[in-house]
There are 2 protein chains.
Amino acid sequence: MSASVQIIGSYLSPYVRKVLVTLGIKGIPYEIDPIVGFMGDDRFRELSPLRRIPVLIDEDVTLADSSVICQYLDDRYPSPSIYPADIADRARARWLEEFADTRMGDVLIWRLFYQKVVLPHVFGRISDEAVVERTLSEELPQVLDYLETVAPREGFAFGSLSIADISVATHFRNAAFLRISIDATRWPKTAGWIERVLATEQFAALVPFEKVSMRTLPKQHREVLTQLGAPLWSTSHAAEAARPGIMPI
Amino acid sequence: MSASVQIIGSYLSPYVRKVLVTLGIKGIPYEIDPIVGFMGDDRFRELSPLRRIPVLIDEDVTLADSSVICQYLDDRYPSPSIYPADIADRARARWLEEFADTRMGDVLIWRLFYQKVVLPHVFGRISDEAVVERTLSEELPQVLDYLETVAPREGFAFGSLSIADISVATHFRNAAFLRISIDATRWPKTAGWIERVLATEQFAALVPFEKVSMRTLPKQHREVLTQLGAPLWSTSHAAEAARPGIMPI
């Protein structure tokens, strides 16, 4: 495989990370334009009608939803597959992906990461501590209670690393940026599962780029990532000013 | 095929309709428990962790998301497929499904149908006319502008009837319940496309059940649908009182 695919989206987005891990599992080379979705210019808007990240560009195919992108990558580059072979397990894995993308996205991204990181550092606004507090005390424990009913005692959810493991674990990297970890005395299966998934080389390879992105403002991401040797795409879709998105990611 | 699958969910939900049309295309027999998601009892909650409809039960597989269900049905009962054969077209179809499920769901269901039908008739509350007005004057035209860029001039989006046509058109049945139609002078390709999709036998077969459901309160749906010969499942998951859901559908 010689040609690269192009990705638009920040290393701090759980949905971008989901796609990058999938590319890593499949050994597909890629270049990345590391913008946060809120900072996209008009050309970005044309590529991503809802201003979501990640965007994938693979020759004549442009896609702007992480689930659609992962399925496309598996169709186009089938081995190794990130979907379980058994039809029922495949459906269960897709359900966990949906749970992660929507419910965990609401709780961990839109009510925690957005409040604590995006609002102050992208939009220069103050976070709503009441939302954060209620999310930590009520909604996040509900999410973890559910995950504990599906978490495997060892290994991954469906044998080899699949879209289910990736989609759920990616949100806990963002939780880690906020110093939120899983209480292993209360949710032992989930804590062990997520630790195993995040320890895979595909997740681990992204950690340096995430850390440096967390320490700098969005407009500096490209410069600091260049210094770290990230596989940057020379094209930038960054606008000067932040713009609110239409919808979650 | 002798055994039926079971569906939980109202004929008024665009996401339930999407699954029923898929079942119709594939000729899969089914039984339906026609509850609205907000009225599910504790057993429903166990089947659908986020209180979403539709739920599909197929022997030992229980799924609670329309996209996951449709993909499962296509995996389990492959012919005829509702996904385009070409990999790039398949991804484009899935993107349109995602656009329909999320963005059209926000606009047509959560800001129009929910306000005009669910709030007054399920929760006994007054709709917010400012939300309705803004949605009709700004957001719905934006959705239609986008659809006009992807709508086929004739036939369906990708040859035979696919998940893209189904996912987009299903929302316009709910629009029709509110007497909202597509202005064919402003969005001619979209108007023609949706008309062709809704005229298919799979959509048309559901219209009598939708109409009678629109005319009656949720607790009467089972009785009036029985009189019309709908394929009802004898098991009911209806609770006495309405409960707000965690998330959209």
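See the structure above.
Not measured: the values here are computed from a predicted model.

## Focus on the sheet that holds strand S2 (residues 30-33) of chain B
Remark on secondary structure: sheet strands pair via backbone hydrogen bonds, oriented parallel or antiparallel. All names here are of chain B. Taken in spatial order, the four strands make up an open sheet running S2-S1-S3-S4, and their pairing is mixed. If you trace the sheet from one side to the other, it starts and ends with S2 and strand S4 (61-63), each paired once. This sheet shows a mean twist of 15 degrees between the axes of neighbouring strands, independent of strand direction. The pairing of strand S3 (residues 55-58) with S4 spans three bridges and is classified as antiparallel. Looking across to S4, one finds that Ile57 is bridged to Thr62. Most of the contacts of helix H3 (residues 66-76) go to S3, to which it runs at about 25 degrees, and overall it touches S3 and S4.

## Brief notes about the pattern of salt bridges
The final tally for this structure, using the stated rule, is 30 salt bridges over all chains. Between Arg94 of chain A and Asp75 of chain B there is a salt bridge, with the nearest N and O atoms lying 3.4 Å from each other. Of this pair, Arg94 of chain A sits in helix H4 (residues 87-122) while Asp75 of chain B sits in helix H3, on two different chains. Exposure class is identical for Arg94 of chain A and Asp75 of chain B. Each is buried. Between Asp89 of chain B and Arg92 of chain B there is a salt bridge; the shortest N-O distance is 2.9 Å. In this pair, Asp89 of chain B and Arg92 of chain B are both assigned in helix H4 (residues 87-122), three residues apart and thus about one turn of the helix distant.

## Concerning the pairing of strand S3 (residues 55-58) of chain A
All names here are of chain A. Covered by surrounding structure in S3 are Val55 and Ile57 together with Leu56 and Asp58, the residues of both alternating faces. Relative to S3, strand S1 (residues 5-8) is paired through three bridges, and the arrangement is antiparallel. Residue pairing across strands places Ile7 opposite Leu56, the latter belonging to S3.

Each value, and the rule that gives it
Residues numbered from 1 in each chain as written. Chains lettered and ligands numbered in written order. Predicted model: local features only at pLDDT ≥ 70, side-chain atom pairs only at ≥ 80, totals over all residues. Heavy atoms only, no water. Pairing = 2+ DSSP bridges. Helix = DSSP H or I, 4+ residues; strand = E, 2+ residues; numbered from the N terminus. Axes fitted to C-alpha atoms, helices over the stretch in contact; angles between N-to-C directions. Contact = heavy atoms within 4.5 Å. Salt bridge = Lys/Arg side-chain N within 4 Å of Asp/Glu carboxyl O. Buried < 20%, exposed > 50% of the residue type's maximum accessible area, 1.4 Å probe, protein only.

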